[in-house]
Amino acid sequence: MAKLILSMDNLVLKEIPLNKERTTLGRKASNDIQIDNLAISGEHAVIVTILNDSFLEDLNSTNGTFVNGQQIKKHFLQNNDVVELGKYRLKYVNEAALQASQADFEKTMVLRPDMMRKAAEQAAGKPADLAPPIAAAVPKPAPAPAAADAVPLGAIQVLNGSNAGKTMELVKSLTTLGKPGVQVAVIARRPHGYFLTHVEGAKFPSINGTQIDTQAHELKDHDVIELAGVKMEFFLKR
């Protein structure tokens, strides 16, 4: 699970797990992460977390939100990113990414030139130099990932505008839709279905004419999504 490590002047104050789909940051007590400092706006920023990915968005704060020294409006967080809010620092740690990185390192095998030569001679039928056997740990094949297609493959078809009639299959874990700076949402592909979540913009997307809220909304076959002035139909390919 991803988490934030809150610190000030290199002193760690606390760790905050990102176990909600929407985590707000600001000076007001109503925020999930309250930082009582005048340099921070009442509702300063929000982090939207979907599966193992987190998106940071500045909520038009007075003093801005910075990541790794650069001011951002919206930012896709990566492991070890440092979010700066006034004198406070929030280090983003994605444990899933760390585990994947460690697994990749453990699977890496370095071949010395002499080992490569002996392997080539053996493949050609030539006797290799006699040498004591070298014990080497052979990594086990990685287990097959859980099937993401427990439900039929989903797709969307554009219903209006210049792209009317165009269809896109939802093969990725996350598909971003909308217009940056206006209205953005993502469709997450999960083992048990497809879910639409609002990411950016004052206005929320609607499904079948009803505006969704901050929580992920499960999509049903033939739902009609309206986002940034574009209508599109979600359907399951059977």
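Residues numbered from 1 in each chain as written. Predicted model: local features only at pLDDT ≥ 70, side-chain atom pairs only at ≥ 80, totals over all residues. Heavy atoms only, no water.

Peer 1: Teacher, can you tell me more about the overall build of the chain here?
Peer 2: Across its full length, the chain carries two helices and 21 strands. At a minimum sequence separation of 6, the contacts of the chain that also span at least 24 residues come to 36%. Entry remark: accessible area of the chain is about 14,300 Å², with carbon and sulfur atoms responsible for 54%. (Helix = DSSP H or I, 4+ residues; strand = E, 2+ residues; numbered from the N terminus. Contact = heavy atoms within 4.5 Å. Areas by Shrake-Rupley, 256 points an atom, 1.4 Å probe, with all protein chains shown as cover.)

Peer 1: Whenever I open this one, the nonpolar core confuses me. Can you help?
Peer 2: Most often, soluble globular proteins keep nonpolar side chains buried together rather than apart. Core analysis: the largest hydrophobic core is formed by 20 residues, its most contacted members being Leu-4, Leu-56 and Leu-90. Elements with a minimum of two residues in this core: strand S1 (2–8), strand S5 (45–50), strand S10 (82–85) and strand S11 (88–94). Counting 16 residues, the second largest nonpolar core, distinct from the first, contains Ile-156, Ile-207, Ile-212 and Met-232. (Core = buried A, V, L, I, M, F, W, Y, C linked by side-chain atoms within 4.5 Å. Buried < 20%, exposed > 50% of the residue type's maximum accessible area, 1.4 Å probe, protein only.)

Peer 1: Even after reading the chapter, I still don't get the pattern of salt bridges, so can you show me in this structure?
Peer 2: Note on pairing: side chains with opposite charge can pair once their charged atoms come close. A full pass over the atoms with the stated rule returns five salt bridges. The closest approach of N and O atoms between Lys-3 and Glu-15, which form a salt bridge, is 3.1 Å. With Lys-3 in strand S1 and Glu-15 in strand S2 (residues 11–17), this residue pair connects regions lying twelve residues apart in the sequence. A relative accessible area of 17% means that Lys-3 is categorised as buried. For Lys-237, the salt bridge identified is with Glu-169, shortest N-O distance 2.5 Å. (Salt bridge = Lys/Arg side-chain N within 4 Å of Asp/Glu carboxyl O.)

Peer 1: How should I be thinking about the sheet that holds strand S20 (residues 224–227) in this particular structure?
Peer 2: If you walk across this open sheet you meet the six strands as S13-S12-S21-S20-S17-S18, and the pairing is antiparallel. Each edge of the open sheet is held by one strand with a lone partner, namely strand S13 (167–169) and strand S18 (210–211). (Pairing = 2+ DSSP bridges.)

Peer 1: Would you mind showing me how to read unusual backbone geometry here?
Peer 2: One non-glycine residue, Asn-68, adopts positive backbone phi at about 55°. In this fold, Asn-68 is placed in the loop between strand S7 (65–67) and strand S8 (70–72). In this model, His-222 sits at a positive phi of 75°, which is unusual for a non-glycine residue.

Peer 1: Sorry if this is basic, but what is going on with the side chain of Asn-31 here?
Peer 2: Secondary-structure assignment places Asn-31 in the loop between strand S3 (22–26) and strand S4 (33–34). The class of Asn-31 is buried, set by a relative accessible area of 10%. Within the structure, Asn-31 has its side chain in polar contact with the backbone oxygen of Gly-42 (distance 2.8 Å). Apart from residues lying up to four places away in sequence, Asn-31 is in contact with Thr-24, Leu-25, Gly-26, Gly-42 and Glu-43. (Polar contact = N/O pair within 3.5 Å; in protein donor to acceptor, adjacent residues only side chain to side chain.)

Peer 1: Is there a simple way to think about the sheet that holds strand S19 (residues 217–218) in this case?
Peer 2: Within a sheet, each strand pairs with its neighbour through backbone hydrogen bonds, oriented either parallel or antiparallel. Pairing is antiparallel across the open sheet formed by four strands, whose spatial order is S14-S15-S16-S19. Strands with a single pairing partner mark the edges of an open sheet, and in this sheet they are strand S14 (174–179) and S19. Pairing of strand S15 (residues 183–190) with strand S16 (residues 193–200) involves seven bridges; the strand directions are antiparallel. When the sheet's bridge partners are listed, Arg-190 is paired in S16 with Gly-193.

Peer 1: Any chance you could explain the pairing of S10 here in plain terms?
Peer 2: Look at any regular strand and the pattern is simple: side chains alternate between the two faces of the sheet. For S7 and S10, the ladder comprises two bridges, and the chain directions are antiparallel. Bridge pairing in S10 places Phe-66 opposite Glu-84. Pairing between S10 and S11: four bridges, direction antiparallel. Counterpart to Val-83 in the pairing with S11 is Leu-90. In this structure, the hairpin formed by S10 and S11 is closed by a connection of two residues, where Gly-86 is found at a positive phi of approximately 60°.

Peer 1: I would appreciate a short explanation of the environment of Leu-177 in the present structure.
Peer 2: Tracing the chain through its elements places Leu-177 in strand S14. By relative accessible area, which is 9% here, Leu-177 ends up buried. Spatially, the C-alpha atom of Leu-177 lies 9.9 Å from that of Val-230, the residues being 53 residues apart in sequence. Once residues lying within four places of it in the same chain are set aside, the contact partners of Leu-177 are Ile-156, Met-168, Gln-183, Val-184, Ala-185, Ile-187, Leu-227 and Met-232.

Peer 1: Would you take a moment to explain the packing of aromatic side chains for this structure?
Peer 2: Within a pair of aromatic rings, the relevant descriptors are the distance that separates the centres and the angle that separates the planes. Scanning all chains against the criterion turns up two aromatic pairs. Here the aromatic rings of Tyr-194 and Phe-234 are separated by 5.5 Å at their centres, their planes lie at 55°, and the arrangement is tilted. One end of the pair, Tyr-194, is in strand S16; the other, Phe-234, is in strand S21 (residues 230–236), with 40 residues separating them in the sequence. For the pair formed by Tyr-194 and Phe-234, the shared burial category is buried. For Arg-190, the ring lying beneath its charged end belongs to Phe-195, and the centroid distance is 4.5 Å. (Phe/Tyr/Trp six-rings, centres within 6.5 Å; stacked < 30°, edge-to-face > 60°. Lys NZ or Arg CZ within 6 Å of the ring centre and 35° of its normal.)

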